[in-house]
Amino acid sequence: MPHQVSVFAENRPGKIERITGVLLKKNIDIRAITISDSGDYGIVKLLVDRPQEAAGLLKEEGIAATLRDIVAIRVKDKPGGLYEAASILTRSGVNVEDAYGFIVERKKDAVFVFQVEDVRKTERVLSDAGFSILTDGELYLI
Amino acid sequence: MYWNSELETIDRRGLERLQFDRLKKALAAAASTPFYKKVFSENGVAPSKISTLEHLKDVPFTTKNDLRVSYPDGMVAVPRRSIVRMHASSGTTGKPTVIFYTMKDVDEWAHQVARGMVATGTTSDDVFQNMMGYGLFTGGLGLHYGAEKMGCMVIPMSTGNTLKQIQFIQDFGSTVIHITPSYALHLVDEIRAHGVNPPDLGVRKAYLGAEPYSEGTRDKIEAQFGLDAYNSYGMSEMNGPGVAFECSEKSGMHLWEDYYIAEIIDPETGEALPDGEEGELVLTHINREAMPIFRYRTRDLTRFIPEPCPCGRTHRRIERIKGRTDDMMIVSGVNVFPSQIETVLMNIPEVGNNYQIVLEREDNLDRMHIKVELYSKMFQGDMRELERLKKRMGEALRAIITINPKIELLEPGSLPPSQGKAKRVFDNRSL
């Protein structure tokens, strides 16, 4: 099961610099980054090649960071690519809590990353429907 | 104009005789309470052997903590069936300080307040709109009963609800208001925002209380509202508002010495200070049946004004309160101790060791911001969880301090370290 690194950050200049600076020191590669913001503060979510190590490094620096379980699936990079997956999730009553996506190869492959309450159930319904679920290793080596 | 000219202009010797009689009675009544029974026996105080007012000094000081320790009724001197009222203020450790009143106590308190109101020229022709909080807080009900006693028509509005306050001033012709200084400044802005010139409303007088404020704030309220503002003083331990009240001279507050024996002490040594010197006010309530309290450390700093007042009242005046000898904050009229906030925060596992309390004034209203560092080990990476945490903190704090602070979550380590005496309270309000 893949993980993302979630980092608590006040909504002030210099925060992304500080986080990415810590990761740079150990040559950690960022695959995707997204920030959810609530005004005063936000959560920076990072998909990196070595999540455990990244979370550990950030914590050592006194930064509030944690690992979250996520679901990552491969979808086709074409109109309707995400719709198919979303339909499966709707039919199974899975609520997507937080999500982002990125393109791996234009017009071909994209990855949809999301948080859900029950990761195992979600992975099962999607793989039953023929979606390819990315494992830790696969995701980070894209 | 006097409410009770005989008592208000009594000569000092007559006043001292009255104080002595009442003190003796109060000591005898207190000897039946679990708290003072112990205090008297430990300090060799025998109420029946008291022969001068000086003997009061044999009784040690009573503190707010003594009231908490005696919770709920360790200082009550009358049977339960004689009590008709209680008030309470919030407590540092969850236990409030509670004050009880008999029917006579409630009535005497109303007389004290009526005295003060009449001393400022209020009459039974006035319509009195009370914008102070009702409930366990003494501010609202204290002046309510006093104003009724002297025959005003009372509009028991309580605080807030600004539109209705303005409408009722207009519809019922309110001439006298009771209000915190910060709310008065806010109200005046709101009145203007409705296209009304505040002096046109016809409010002639405001009683300001429950918060510290400066002479400059009084001037501002008077000028903007076109009224006379009077300072008043009190605290629930000594009944509530009406302990001391300005007369129409607006030059210090007459402390009703037939109700209280007042001392000014050096807050460090506890020694009495000469008349006119600034120190901590210590009060003994000598005219309350349900709950006599001796030598109560008010923690308020003031001084006696030794010169007689041109109004003819013989009761000495105290100056506007200069400050506190402890760290109590007054926020929107509510007494809050930093330790109350700390106790709540430290019981929440997600909160780190560091926090700050920041007080601001926005649109003339007090705002409390609490900045807390998130404890990194408790961070779950979920935004909604953080929102729930903020809500939980807000509710826990509100339950103890009765006001709603704005919670700001900070990254661990972002506040200055807390070794030693960390400065945690930042009061950015200008008085």
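Structure: above.
A brief report on the enclosed structure follows. None of the values given here were measured: they were computed from a predicted structure.

This part takes up the pattern of salt bridges. All names here are of chain B. Under the defined criterion, the tally for this structure stands at 44 salt bridges over all chains. Between R367 and E362 there is a salt bridge whose closest N-O contact spans 3.5 Å. You can call E362 partly exposed: its relative accessible area is 35%.

Before going further, it helps to examine empty space enclosed by the protein. Taken as a whole and assessed by the stated rule, the structure comprises 2 cavities of 30 Å³ or more. Approximately 60 Å³ is the volume attributed to the largest cavity. Together, B:L67, B:S70, B:Y71, B:P72, B:D73, B:G74, B:M75, B:V76, B:V98, B:F100 and B:M291 line the largest cavity. One number sums up the size of the second largest cavity: a volume of about 30 Å³. Looking at the second largest cavity, the residues that line it are A:F8, A:A9, A:K15, A:R18, A:I19, A:I63 and B:E411. Only β1 (3-10) and α1 (15-25) of chain A provide two or more residues apiece to the lining of the second largest cavity. For the lining of the second largest cavity, the residue count by class is 4 nonpolar, no polar and 3 charged.

With that settled, consider the layout of surface pockets. Residue and element names in this part refer to chain B. In this structure, the second largest pocket occupies an estimated 350 Å³ of space. Of all the secondary-structure elements, those providing two or more residues to the lining of the second largest pocket are α2 (12-30) and β10 (260-265). Looking at which element gives the most residues to the lining of the second largest pocket, the answer is β10, with 4 residues. Taken together, the residues that form the lining of the second largest pocket break down as 8 nonpolar, 1 polar and 8 charged.

For the rest of this paragraph, the subject is helix α9 (residues 215-225) of chain B. Residue and element names in this part refer to chain B. Here α9 has its buried residues at T217, R218, I221, E222 and F225. Angularly, the buried residues of α9 cover 135° about the axis, an arc narrow enough to put them on a single face. For α9, the elements touching its buried residues are β5 (176-179), α8 (181-193), β6 (205-208), β7 (228-235) and β8 (240-246). Once α9 ends, the next one or two residues include G226, with phi positive near 65°.

As a further point, take a nonpolar patch on the surface. A cluster of nonpolar side chains, A:I16, A:I33 and A:I35, forms an exposed patch at the surface whose accessible area comes to about 250 Å². Within the secondary structure, A:I33 is located in strand β2 (residues 30-37).

To continue, consider the nonpolar core. Ranked by internal contacts, the top residues of the largest apolar core, which has 62 residues, are B:L283 and B:F294. Judged by nonpolar contacts, the second largest core, of 29 residues, contains B:V336, B:L345, B:V372 and B:L389.

Moving on, we come to the interface of chain A and chain B. Contacts between the two partners involve 21 residues from chain A and, on the opposite side, 18 residues from chain B. Buried area between chain A and chain B, summed over both chains or domains, comes out near 1600 Å², and the portion from carbon and sulfur atoms is 54%. Ranking the residues of chain A by area buried against chain B places A:F8, A:E10 and A:Y41 at the top, with a combined share of 35%. Taken together, chain A and chain B are joined by 5 salt bridges.

Moving on: the sheet that holds strand β12 (residues 293-302) of chain B. Residue and element names in this part refer to chain B. Across the sheet, which stays open at both edges, the 4 strands sit in the order β10-β11-β12-β15 with antiparallel pairing between neighbours. Looking at which strands have only one partner, the edges of the open sheet turn out to be β10 and β15 (323-324). Sheet topology places β10 next to strand β11 (residues 279-285); 6 bridges connect them, and they run antiparallel. Paired with A262 across the strands is L283, a residue of β11.

Our focus in this paragraph is the sheet that holds strand β13 (residues 304-305) of chain B. Residues and elements named next belong to chain B. Judged by pairing direction, the sheet is mixed, and its 9 strands sit side by side in the order β4-β3-β5-β6-β7-β8-β9-β14-β13 without closing on themselves. Across the chains shown, the open sheet's two edge strands, defined by having one partner strand only, are β4 (153-155) and β13. Against the sheet, helix α5 (residues 103-119) makes contact with β3 (127-130), β6 and β8, and its axis sits at roughly 30° relative to β8, the strand it touches most.

What counts and how
- Residues numbered from 1 in each chain as written.
- Chains lettered and ligands numbered in written order.
- Predicted model: local features only at pLDDT ≥ 70, side-chain atom pairs only at ≥ 80, totals over all residues.
- Heavy atoms only, no water.
- Salt bridge = Lys/Arg side-chain N within 4 Å of Asp/Glu carboxyl O.
- Buried < 20%, exposed > 50% of the residue type's maximum accessible area, 1.4 Å probe, protein only.
- 1 Å grid on protein atoms, 1.4 Å probe; cavity = no way out; pocket = protein on both sides within 12 Å on 5 of 7 lines; lining within 4 Å.
- Points joined across faces, edges and corners; volume = space filled by probe spheres on them.
- Helix = DSSP H or I, 4+ residues; strand = E, 2+ residues; numbered from the N terminus.
- Nonpolar A, V, L, I, M, F, W, Y, C, P; charged D, E, K, R; others polar.
- Arc of directions from axis to C-beta.
- Contact = heavy atoms within 4.5 Å.
- Patch = residues over 30% accessible without salt bridge, like charges linked within 9 Å, V, L, I, M, F, W, Y side chains within 5 Å.
- Areas by Shrake-Rupley, 256 points an atom, 1.4 Å probe, with all protein chains shown as cover.
- Core = buried A, V, L, I, M, F, W, Y, C linked by side-chain atoms within 4.5 Å.
- Buried area = accessible area lost by both parts, 1.4 Å probe.
- Pairing = 2+ DSSP bridges.
- Axes fitted to C-alpha atoms, helices over the stretch in contact; angles between N-to-C directions.

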